[in-house]
Amino acid sequence: YVMGRFMPDDLELYLTVRRDGRGTSPRVERSIRESILNQIIHPYLEWKMREGLMDWNDLAVALAQETYAGPYDIVITDETQDLSANQIRAIRNHLAPQHSLTFVIDTAQRIYARGFTWTETGITVRPENIKQLTRNYRNTVEIARFAIPLIRGIPADDDFTVPDFTKCDRHGPTPKILKGRFRGQTDFVIRYIRDNVDLETESVAILHPLGGGWFSYIKSRFDETGLEYVDISREDEWPDGDENIAFSTLSSSKGLEFDHVFILGLDAQAMPNDMDEDYEQL
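Parameters and conventions
- Residues numbered from 1 in each chain as written.
- Predicted model: local features only at pLDDT ≥ 70, side-chain atom pairs only at ≥ 80, totals over all residues.
- Heavy atoms only, no water.
- Pairing = 2+ DSSP bridges.
- Helix = DSSP H or I, 4+ residues; strand = E, 2+ residues; numbered from the N terminus.
- Right-handed = clockwise from strand over helix to strand, strands pointing away.
- Buried < 20%, exposed > 50% of the residue type's maximum accessible area, 1.4 Å probe, protein only.
- Axes fitted to C-alpha atoms, helices over the stretch in contact; angles between N-to-C directions.
- Parallel < 35°, antiparallel > 145°, perpendicular 65-115°, else oblique.
- Left-handed = near helix turned anticlockwise from the far one by under 90°.
- Contact = heavy atoms within 4.5 Å.
- Nonpolar A, V, L, I, M, F, W, Y, C, P; charged D, E, K, R; others polar.
- Patch = residues over 30% accessible without salt bridge, like charges linked within 9 Å, V, L, I, M, F, W, Y side chains within 5 Å.
- Areas by Shrake-Rupley, 256 points an atom, 1.4 Å probe, with all protein chains shown as cover.
- Salt bridge = Lys/Arg side-chain N within 4 Å of Asp/Glu carboxyl O.
- Lys, Arg positive; Asp, Glu negative; His and termini not counted.
- Charge placed at Lys NZ, Arg CZ, Asp CG, Glu CD.
- Phe/Tyr/Trp six-rings, centres within 6.5 Å; stacked < 30°, edge-to-face > 60°.
- Lys NZ or Arg CZ within 6 Å of the ring centre and 35° of its normal.

Draft legend 1. The pairing of strand β1 (residues 72-77), seen in detail. Pairing analysis gives five bridges linking β1 to strand β2 (residues 95-103), with the strands arranged parallel. Opposite Thr77, over in β2, you have Phe103 as the bridge partner. As for the winding sense of the linkage, the β-α-β connection from β1 through helix α4 (residues 85-92) to β2 is right-handed.

Draft legend 2. Structural view of the pairing of strand β5 (residues 245-249). For β5, the tally of buried residues reaches five of five residues, placing the bulk of the element in the interior. Residues of β5 alternate between two faces, with Ile245, Phe247 and Thr249 on one and Ala246 and Ser248 on the opposite face, all of them buried. When strand β3 (residues 204-208) meets β5, the two strands line up parallel, connected through five bridges. Within β5, the residue paired with Ile206 across the bridge is Phe247.

Draft legend 3. Main features of the packing of helix α6 (residues 182-196) against helix α7 (residues 216-225). With their axes 10 Å apart at the nearest point, α6 and α7 run at an angle of 40° to one another. Taken together, the axes of α6 and α7 lie oblique to each other. For the pair α6 and α7, the sense of crossing is right-handed. Seen from α6, the contacting residues are Phe182, Arg183, Thr186, Asp187, Val189, Ile190, Ile193 and Arg194; seen from α7, they are Tyr217, Ile218, Arg221, Phe222 and Thr225. Tallied by class, the residues present in the contact of α6 with α7 amount to seven nonpolar, two polar and four charged.

Draft legend 4. Focus on a negative patch on the surface. On the surface, Asp198, Glu200, Glu228 and Asp242 cluster together into a patch of negative charge. Mapped onto the secondary structure, Asp198 falls in the loop between α6 and β3.

Draft legend 5. Seen up close, the packing of aromatic side chains. Considering all chains together, one arrives at 11 aromatic pairs under this definition. A ring pair is formed by Tyr192 and Phe262, whose centres lie 5.5 Å apart and whose planes are at 75°; its orientation type is edge-to-face. Linking Tyr192 in helix α6 with Phe262 in strand β6 (residues 260-263), this pair joins segments that are 70 residues apart in sequence. Plain terms: the ring middles of Phe215 and Phe247 are 5.0 Å apart, the flat faces sit at 65° to each other, and that makes the pair edge-to-face. A residue pair is termed long-range when its members are at least 10 positions apart, and Phe215 in the loop between β3 and α7 and Phe247 in strand β5 qualify at 32 residues. Exposure class is identical for Phe215 and Phe247. Each is buried. Connected via pairs of aromatic rings, a cluster forms that spans Phe215, Phe222, Tyr229 and Phe247. The positively charged end of Arg33 is found above the aromatic ring belonging to Tyr14, 5.0 Å away from the centroid.

Quick look at the structure:
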């Protein structure tokens, strides 16, 4: 968060800058911020320099400081809510004097906590250059009806748009809610795949908020039943093979589409719901 928000020469601004959107806790006081800078960030930067290494933020900083391509007349950036301030600066540095720059943003889908303002990056946002996209092209009517009460009350900011669920025009099956132990949920998934899914032509996603070891049990059950699968959590590309069943975290599945989707293990341990009601990750 700190290195992505500030350029290397401006890291000390972290000591005094205000951070919004964190609710009533935790508050990071100046003394703790000094410790973060002196005991973590600066040693990390020195280690990278000694080892001759670069991370993703270093690439953004380099692009923000030097022009390596372009300049570009037209730039459209999707999923901008997950870009850091330095990545925005990198984009600005590669624009032509006369240009069109479009950011597509939905902070309701934010994965990474970035916490910067547009002004910091040199971007001027005014009402006349904002367009809200409300038409829901992705969901069926049944999924939209199911989702409305789930998202009602989520804290919204200026870059958050609730889709107009009344404008869905496709129909499909109504989502099913499973209530019971993880073993029972797994039994349902296996039966459903065997009875309803053509794995030669259809894809299946099995999602969990955390992934990792949470998939150990269900993977062992799939191994027993001969259902072949891949794990795409944190993978940049779909692995080679003929498998049409994928295990994934919710975050890693973002932007992908499947014929059948199962979200398992939604409990208070995996998805705590006792955070401050205005906490930015809620």
